[in-house]
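Now for the letters of each chain:
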Amino acid sequence: MSTGIRFDGVTVTYGRTTVLDSFDLTVEPGEVMALLGPSGSGKTTALRALAGFVEPAAGRVHIGDRDVTALPPHRRGVGMVVQQYALFPHMKVDANVAFGLKARKAPRAEITARVAEALEMTGMAAYAKRYPRELSGGQQQRVAIARALAIRPGVLLLDEPLSALDARLRSGMLAELARLHRELPDITMLYVTHDQVEALTLADRIAVMDSARLQDCGTPRDLYRRPRTEFTASFIGTANLLPVTVTADGVRLAGTALDVPAGGAAVGAPATLCVRPHLVGLGEGPNALRGTVAEVQWRGATHRLCVDVEGHRVTADLPELPAPPPAGAEVTLHFAAHDAVLLPAGTHG
Ligand code: ADP
């Protein structure tokens, strides 16, 4: 039985400060949803409101077809994994994993079986009799995941679970989490992170947050290719964001006429043109932009060219150039109309 999640106008305040503002989000059963945003944007607060650790000032939270807003945390059927593992230091691994089941007064035989199953699933079966201090950070986090899974939750909440690990362990654990999701397709996951790579790698969809609000929501591909706001465009991947005006004849970047679809933008309205640096080419082509090279960076497989065009900086990531133009050189850049997205101006958080 899979269980979805729904936030319905959830607002959380501390004193006079609103840290989560009318938050609406539906996570489908079995889906992995990342909550992605800068530090302080309200991600953890949303997670804690769902888990039952903070009480919303307004709005409701639903898990499956139940309104759980008034339920205590242990009755919500939710497993939670946090950044600092939060294992009990005086308990061995198996006792840590058994904790939630004991609290729920599960029969002894069932506890033994479920602990073994959860440790097996996280690759920690050989460590059942160790204390947390005898484990590495990555192993401790596996135990924390096993502990969350042991209660067979319908919903697994993960709050920056990889932040405390070093880069190499992090990518290994990311693959592990992806495997767990494949093996447990019925568990709905809500995954808080400020790291776009984690969100892009793991999530079916990403909810982008900034300043206590949901800014955007979509599949990783959608948000990358067709961001709806300047904030999403700059937070997910890198983006050239150029101020343009929409005229009756088309779109203009200062003195340069561009051949890009204006979409729904009103004539006369300021807009922002978004083009990803790797989709900008060097040399003549459609949407030619003439400018002066300000900086050249060699990045191994690519060269990054920063070019001043009409008073704006345009970045192009090009396959390694045999003879890159020097700083100060006059160059032409170009991009295809279908690689550009026109965004409403002033949607940067
Ligand atoms: P994120 O997870 O996106 O980093 P949080 O949800 O943890 O953001 O925090 C959102 C805002 O709420 C932050 O400005 C934070 O300082 C504030 N905040 C979080 N918890 C408390 C608390 N217990 N008391 C007061 N302010 C809090």
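First, a word on what this report is: a plain description of the structure on this page. (Residues numbered from 1 in each chain as written. Predicted model: local features only at pLDDT ≥ 70, side-chain atom pairs only at ≥ 80, totals over all residues. Heavy atoms only, no water.)

### Details of the packing of helix α2 (residues 93–103) against helix α3 (residues 108–121)
- The N-to-C vectors of α2 and α3 enclose an angle of 125°; their axes lie 9 Å apart at closest approach. On the basis of the axis angle, α2 is oblique to α3. As for how α2 packs across α3, the hand of that crossing is right-handed. The residues of α3 that touch α2, namely those facing Val93, Asp94, Val97, Ala98, Leu101 and Lys102, are Ile111, Arg114, Val115, Ala118 and Leu119. (Axes fitted to C-alpha atoms, helices over the stretch in contact; angles between N-to-C directions. Helix = DSSP H or I, 4+ residues; strand = E, 2+ residues; numbered from the N terminus. Parallel < 35°, antiparallel > 145°, perpendicular 65-115°, else oblique. Left-handed = near helix turned anticlockwise from the far one by under 90°. Contact = heavy atoms within 4.5 Å.)

### Remarks on the site of the ligand
- The immediate surroundings of the ligand are formed by Tyr14, Val19, Pro38, Ser39, Gly40, Ser41, Gly42, Lys43, Thr44 and Thr45.
- Glycine 40 places a main-chain nitrogen or oxygen 2.7 Å from an oxygen atom of the ligand.
- A distance of 3.0 Å is found between an oxygen atom of the ligand and a backbone nitrogen or oxygen belonging to serine 41.
- For the ligand, the protein covers 55% of the area, taking 560 Å² as the surface of the free molecule.
- Here the residues of the shell around the ligand sort into three nonpolar, six polar and one charged. (Near = heavy atom within 4 Å. Polar contact = N/O pair within 3.5 Å; in protein donor to acceptor, adjacent residues only side chain to side chain. Areas by Shrake-Rupley, 256 points an atom, 1.4 Å probe, with all protein chains shown as cover. Nonpolar A, V, L, I, M, F, W, Y, C, P; charged D, E, K, R; others polar.)

### Some words on the sheet that holds strand β2 (residues 17–27)
- The four strands are arranged β2-β1-β4-β5 in an open sheet whose pairing can be described as antiparallel. Two strands lie at the open edges of the sheet, namely β2 and β5 (66–67), each paired on one side alone.
- Packed onto the sheet, helix α1 (residues 43–51) meets β1 (5–14), β2 and β4 (58–63) and runs at close to 115° relative to β1. (Pairing = 2+ DSSP bridges.)

### Some remarks on helix α5 (residues 167–183)
- With 17 residues, α5 ought to run about 24 Å at 1.5 Å a step, and its terminal C-alpha atoms sit 25 Å apart, in line with that.
- What α5 keeps buried is the set Met173, Leu174, Glu176, Leu177, Leu180 and His181. Projection of α5 onto a plane perpendicular to its axis shows the buried side chains occupying an angular sector of 165°, all on one side. What points out from α5, more than 90 degrees from its buried face, is the exposed set Arg168 and Arg182.
- Of the surrounding elements, those touching the buried residues of α5 are β3 (32–36), α3, α4 (137–150), β7 (155–159), β8 (188–193) and α6 (196–202). (Expected span 1.5 Å × (residues − 1). Buried < 20%, exposed > 50% of the residue type's maximum accessible area, 1.4 Å probe, protein only. Arc of directions from axis to C-beta.)

### Here's the deal with α4
- Given a rise of 1.5 Å per residue, 14 residues ought to cover 20 Å, and the 20 Å separating the end C-alpha atoms of α4 matches this to within 8%.
- Within α4, twelve of the 14 residues are buried, which leaves it mostly tucked inside the rest of the structure.
- Its buried side turned inward, α4 meets β6 (78–82), α2, α3, β7 and α5.
- Two residues or fewer after α4 comes arginine 152, characterised by a positive phi angle close to 45°.

### Brief notes about the nonpolar core
- Of all hydrophobic cores here, the largest spans 38 residues; its most connected members are Val97, Leu119, Leu149, Leu156 and Leu177.
- Broken down by secondary-structure element, the contributors of at least two residues to this core are α2, α3, α4, β7, α5 and β8.
- Per-element tally for this core: the top contributor is α4, with seven residues.
- The contact partners of valine 97, leaving out residues within four places of it in the chain, are Val115, Ala118, Leu119, Val143, Ala146, Arg147 and Ala150.
- Core analysis: the next-biggest nonpolar cluster, separate from the first, contains 28 residues, Phe7, Leu20, Leu50 and Ile63 among them. (Core = buried A, V, L, I, M, F, W, Y, C linked by side-chain atoms within 4.5 Å.)

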